[in-house]
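# What the coordinates show
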Amino acid sequence: MFKLFSSDPIHDPLAPPLPGARTEVKTTTCYMCACRCGIRVHLREGEDGPEVRYIDGNPDHPLNRGVICAKGSSGIMKQRSPARLTRPLLRKQGAERGAGEFEPISWDRAFEILSERLGKIRATDPKKFALFTGRDQMQALTGLFARQFGTPNYAAHGGFCSVNMAAGMIYTIGGSFWEFGGPDLERAKLFVMIGTAEDHHSNPMKIALSRFKRAGGRFISINPVRTGYSAIADEWIPIKPGTDGALFMALLHELIASDLIDRPFLQRFTNAPQLVVLQDGEREGLFAFDPAAGPPGDGRHPHNKLIWDRASGSVKAAYPEGIAEGCDPALEGHYQLADGTRVAPSFQLLRDRAASCTPEWAAEITGIPAARIRKLAREMGETALRQAFELPIPWTDAWGKRHETTQARPVAFHAMRGLAAHSNGFQTVRAMAVLMSVLGTIDAPGGFRHKAPYPRHIVPNYRAFNDPAMIKPNTPLNSAPLGFPANPDELAINPDGSPIRIDHAFSWEHPLSAHGLMHNVITNATKGDPYRIDTLLIFMANMAWNSTMNTMAVREMLNAKAEDGEFKIPFLVVCDAFQSEMVAFADLVLPDTTYLERHDVMSMLDRPISEFDGPVDSVRVPVVPPMGECKPFQEVLIELASRLKFPAFTTAEGGRKFRDYPDFIVNFEPQPGVGFLMGWRGENGDKHLKGAPNPKQWEMYAENNCVFQYHMPEHMQYMRNWNRPYLDFAKDHGWRQRNDPVQLALYSDTLQGFRLAALGKTPGRQPPEHLRERIATYFDPLPFWYPPLEEAATDRDAYPLSAITQRPMAMYHSWDSQNAWLRQIHSHNYLQVNPVTARAAGIADGGWCWVESPWGKVRCMLRYSEAVEPGTVWTWNAIGKADGAWQLAPGSDESRKGFLLNHLISEELPMAGTPTGTISNSDPVTGQAGWYDVRVRLRPADPEEPAETFPQVAAVPPAPGVRGRAAQVLTYFAGRNRS
């Protein structure tokens, strides 16, 4: 009985069930965001089977240890969302895309349509099929499907998320933030968070931050906005968006000038002492090498390099002589080789680069006072070097030297999309990684720590598909569609230099686009640039609304027709669990399940949830049956691959190899003994990490909280770039192809190789004339700052403000604005503006205003906020909705008061010389979407204008079979479930 003013909990999840109640608790893995916490789902038997009554955190899960956030506990409302799609749908004959007019069909008919159409494409021209996926966790499967189909046109959402963070760090230190590594707050004394919203790594970060601050750690947040994590920082340093790289270069300037750098670390574990050729010619800017020792070092074979030994005054091989006892590799100076070639250590070139990057220079760019930059550099350097300590953990490095202790460097960093989502983000992230490296923090206690299967080789030994001759009918590609190019010969281009891929990934436009460019697929496909496709399959990506730039134009493109009256994208398939804005444009709709209704894996082959001390993978298992006729997208892929007889899915006799997705996960092995899951392998489930398939593997995961964790010995938990036992262990278990040490690339000869091609100094592939200067400029082997590319197409005086978005802690992408509980936290959004800026524009707090960019405009409500620097405006992402989408009531707050900044952002920028006169609004190195580069201006809305956001779109009707009946969600917990 509820007691007013009582401290007793309304619901105690640990209390025994009431007498006679048929209850059950099942464990699985959350998917209300990408954090992937362990959860317990409390079920009660209802009229139509088990019903979810409560979700809480699993205290026995290593990631969140029982902690759960608002999103996680609200998963029950996602499960019962009125927007749930429950039947396959086919667009009605003659209906326009976007009208949302469908007829229900059977799954048999859906598979017939797909098998026939995809079969014809695969038998004629496989590249005319494109598969792009949103925020999924199964890229090892979707990538395999595309490769087996024979199409290079595949990618996930990373190109418009944080590929700059991944690529910038992986090409520098072999690992990255997020799933692949993070800050060691258990041993850090100073924590610097840069450009991170509160949705990233939510619960583990909250747990770690709480302990860090209680232990006396100092937390500095550098961000244009002070929300979420930044709100509890000891100090907030506001910064102008897109200028972080200038700050990092100034910090490097100060650290190097003050000699607050870890010289022994740089000498042994980085390429800082390696000699760079300074003379003009084919080897200019590349590392000098010993011809007698083999070919020159490069991104694939990096170890034939030279150093200058100060002890002997001579040149020596970098390995093993250069790190031998008694050798003193020079970090500074200029030298000559025996043949007269002028050389210098790469660190000398870094010193030269940073010399002009003074705090005064950076202050003009970032808005941070020069004195504060100096103080920050001093605090970082003194904490890393003078508050350092050693752990009594002996370890052996890759060259056989035993280190009796492990050196801690207690300065930890964390950064995400705030750095990445700019067209200068790759070099900005490189600058941050180099900053972390000169302090000696890489995989050191208290610094940045890798998570298995990282670190990778620099460059990772994963080549993206790049041979147009290998696109053949009914033939898998000879390599995966995505990878990490090491030189121009690995680009995905045709003999004439044009892109192989529809998104232009791995072309001269964006050579290192490790995650593809999903944000340009629809635009390029509509233009036929570089060719027309036939079928586009989109999974879990709202490309008609918040997941795309230039939203209104993209919606028109989806409905665009050629002169013959046919759609320019002839067939569009959308797989989603909910009636999103994108669903209305589909020709065929495939209803997906929720995370509570399906099997899933967080795999070491993909995106695991590893911890610092060892690998961790996990699974989802169904806790309730699928609603209606929903089918997991994984099952759809397995079924299609089997029907189309992909070799990896077909037996030698031509039969079906895998019964379903769970069977595929258990039995598929990319190499002997290595599968999607590493726990409970072997015929009896008595082997871990590596072993034969176990037919009971799913059951064993379910019995063990749906997670497997392996704790490595202490001597393998640090310094893993150079830790001999770890490198051997990682290779033996299939995480790495080689057991070579991973020297940090302060200087990137990989980037210099592309630059030399652009300068015409090397034989082989060279970029087209209109891209030579672009490659030569941005493929600098040393980090540097440059203004975002959009500024060249923008009048800064006319558009004086930066505009950015971030996800709120209580919501993730567009999924959660339909959530009955979470809508009570955020039903609409405001433009958050510093009061000084808003008053100067004549806009009152709470008033309506226009926000205009060179590309579009929105009308919205404005709120004053002191927690944003005056040159920036911002809002929450993805709360605004199209009327009728997500089964929200007509005229809901989300559609009338909510808005998107996407309408202000162009997916392309002008570019002379290209076939279309444009190029992607993305980083020129990686293709990362420049979400945060847009410039805007403000003006008050006319009092007589409608009090609703602009633009508005026509409402769409409910899709056939959509769950609907929103009001009944509210009665569910009153015990009157009538659904």
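Look up a bit, the structure's there.
Okay, so let's go over this structure.

With that settled, the discussion passes to the overall build of the protein. Looking only at helices and strands, the protein has 24 helices and 36 strands in total. The C-alpha atoms of the protein give 28 Å as radius of gyration, which agrees with the globular expectation for 979 residues (30 Å, within 12%). Once the C-alpha set of the protein is aligned to its principal axes, its extents read approximately 85 × 70 × 70 Å. Taking all 979 residues of the protein together, the buried fraction comes to 65%. Restricting to contacts in the protein with at least 6 residues of sequence separation, those with at least 24 account for 70%. The distance from the centre of the 104 positive side-chain charges to the centre of the 109 negative ones in the protein is 3 Å.

Turning to the packing of helix H20 (residues 749-758) against helix H21 (residues 769-778), a few remarks are in order. Close contact between H20 and H21 brings their axes to 8 Å; oriented N to C, the two are set at 150°. As the angle between them shows, H20 and H21 are arranged roughly antiparallel. Handedness of the crossing formed by H20 with H21: left-handed. Between H20 and H21, the residues in contact are Phe754, Arg755, Ala757 and Ala758 and Arg772, Ile775, Ala776 and Thr777, respectively. Its residues assigned to classes, the contact of H20 with H21 comprises five nonpolar, one polar and two charged.

Turning next to the packing of helix H4 (residues 139-149) against helix H16 (residues 633-643). Between H4 and H16, the least distance of the axes is 11 Å, while the angle of their chain directions is 25°. Regarding the angle of H4 to H16, the classification is roughly parallel. You can see that H4 and H16 cross each other, and the crossing is left-handed. Of the residues in H16, those touching H4 at Leu141, Thr142 and Phe145 are Phe633, Gln634, Leu637, Ile638, Leu640 and Ala641. Counted by class, the contact of H4 with H16 contains seven nonpolar, two polar and no charged residues.

For the rest of this paragraph, the subject is the side chain of arginine 268. Here arginine 268 shows up in helix H8 (residues 263-269). At 2.8 Å, the side chain of arginine 268 and the backbone oxygen of isoleucine 323 are in polar contact.

With that out of the way, let us pick up the pattern of salt bridges. Counted under the stated rule, the structure contains 57 salt bridges. Arginine 53 is the partner of glutamate 51 in a salt bridge, and the nearest nitrogen-oxygen pair spans 3.8 Å. The class for glutamate 51 is buried, based on a relative accessible area of 11%. The closest approach of N and O atoms between arginine 859 and glutamate 945, which form a salt bridge, is 3.0 Å. Of this pair, arginine 859 sits in strand E32 (residues 857-864) while glutamate 945 sits in the loop between strand E36 (935-940) and helix H24 (967-972), placing them 86 residues apart in sequence. With a relative accessible area of 7%, arginine 859 lands in the buried category.

Moving on, we come to the environment of aspartate 942. With respect to the element layout, aspartate 942 can be found in the loop between E36 and H24. In the structure, aspartate 942 is positioned 49 residues away from aspartate 893 in sequence and 21 Å away in space, judged by C-alpha atoms. There is a polar contact of 2.8 Å between the side chain of aspartate 942 and the backbone nitrogen of glutamate 944.

What follows deals with the sheet that holds strand E26 (residues 600-602). Across the sheet, three strands lie side by side as E26-E27-E28; this open sheet has antiparallel pairing. With partners counted over all chains shown, the strands left at the sheet margins are E26 and strand E28 (707-709), one partner each. Neighbour-to-neighbour, the strand axes of the sheet open up by a mean angle of 10°, direction not taken into account. In terms of strand pairing, E26 meets strand E27 (residues 616-620) through three bridges, oriented antiparallel. Paired with methionine 602 across the bridge in E27 is serine 618.

With 240 residues, the main nonpolar core has Met432, Val438 and Phe664 as its most contacted residues. Setting aside residues up to four positions removed in sequence, valine 438 forms contacts with Leu252, Leu255, Ile261, Asp262, Leu266, Phe347, Leu350 and Leu746. One finds Trp508, Leu512, Tyr786 and Ile919 within the second-largest nonpolar core, a separate group that totals 32 residues.

Judged from the four bridges that link them, strand E13 (residues 306-309) and strand E14 (residues 314-317) form a sheet pairing that is antiparallel. Its bridge partner lying in E14, aspartate 309 is registered against serine 314. Between E13 and E14, which pair antiparallel one after the other, the connecting turn spans four residues, and glycine 313 there sits at a positive phi close to 65°.

Below, the discussion takes up helix H7 (residues 244-257). Taking 1.5 Å of rise per residue, 14 residues should cover 20 Å, and H7 covers 20 Å from first to last C-alpha, within 8% of that figure. With 13 of its 14 residues buried, H7 lies for the most part within the structure. One or two residues past the end of H7 sits aspartate 259, with phi positive at roughly 60°.

A few words on the sheet that holds strand E1 (residues 23-29). Two orientations exist for strands paired in a sheet by backbone hydrogen bonds: parallel and antiparallel. On the basis of which strands lie adjacent, the open sheet formed by three strands has the order E1-E2-E3 and antiparallel pairing. The sheet terminates laterally at E1 and strand E3 (49-57), the two strands that pair on one side only. Pairs of neighbouring strands in the sheet enclose a mean axial angle of 30°, with direction left out of account.

Below, the discussion takes up the packing of aromatic side chains. Applying the stated rule across the entire model yields 39 aromatic pairs. Here the aromatic rings of phenylalanine 191 and phenylalanine 212 are separated by 6.1 Å at their centres, their planes lie at 80°, and the arrangement is edge-to-face. On the criterion of sequence distance, the pair formed by phenylalanine 191 in strand E9 (residues 190-194) and phenylalanine 212 in helix H6 (residues 202-214) is long-range, its members being 21 residues apart. With relative accessibility at 0%, the residue phenylalanine 191 sits in the buried group. An angle of 85° between the planes, with centres 5.6 Å apart, marks the rings of phenylalanine 265 and tryptophan 722 as edge-to-face.

Moving on, we come to the side chain of aspartate 617. With respect to the secondary-structure elements, aspartate 617 resides in strand E27. Arginine 681 is the oppositely charged side chain nearest to the buried, salt-bridge-free aspartate 617, at an N-O distance of 7.5 Å. Among the polar contacts made by the side chain of aspartate 617, one reaches the main-chain amide nitrogen of methionine 678 at a distance of 2.9 Å. Contact partners of aspartate 617, with chain neighbours within four places excluded, come to Met602, Ser603, Ile609, Phe676, Leu677, Met678, Gly679, Tyr701, Val707 and Phe708.

Conventions we followed
Residues numbered from 1 in each chain as written. Predicted model: local features only at pLDDT ≥ 70, side-chain atom pairs only at ≥ 80, totals over all residues. Heavy atoms only, no water. Helix = DSSP H or I, 4+ residues; strand = E, 2+ residues; numbered from the N terminus. Rg over C-alpha atoms; globule rule 2.2 N^0.38 Å. Buried < 20%, exposed > 50% of the residue type's maximum accessible area, 1.4 Å probe, protein only. Contact = heavy atoms within 4.5 Å. Lys, Arg positive; Asp, Glu negative; His and termini not counted. Charge placed at Lys NZ, Arg CZ, Asp CG, Glu CD. Axes fitted to C-alpha atoms, helices over the stretch in contact; angles between N-to-C directions. Parallel < 35°, antiparallel > 145°, perpendicular 65-115°, else oblique. Left-handed = near helix turned anticlockwise from the far one by under 90°. Nonpolar A, V, L, I, M, F, W, Y, C, P; charged D, E, K, R; others polar. Polar contact = N/O pair within 3.5 Å; in protein donor to acceptor, adjacent residues only side chain to side chain. Salt bridge = Lys/Arg side-chain N within 4 Å of Asp/Glu carboxyl O. Pairing = 2+ DSSP bridges. Core = buried A, V, L, I, M, F, W, Y, C linked by side-chain atoms within 4.5 Å. Expected span 1.5 Å × (residues − 1). Phe/Tyr/Trp six-rings, centres within 6.5 Å; stacked < 30°, edge-to-face > 60°.

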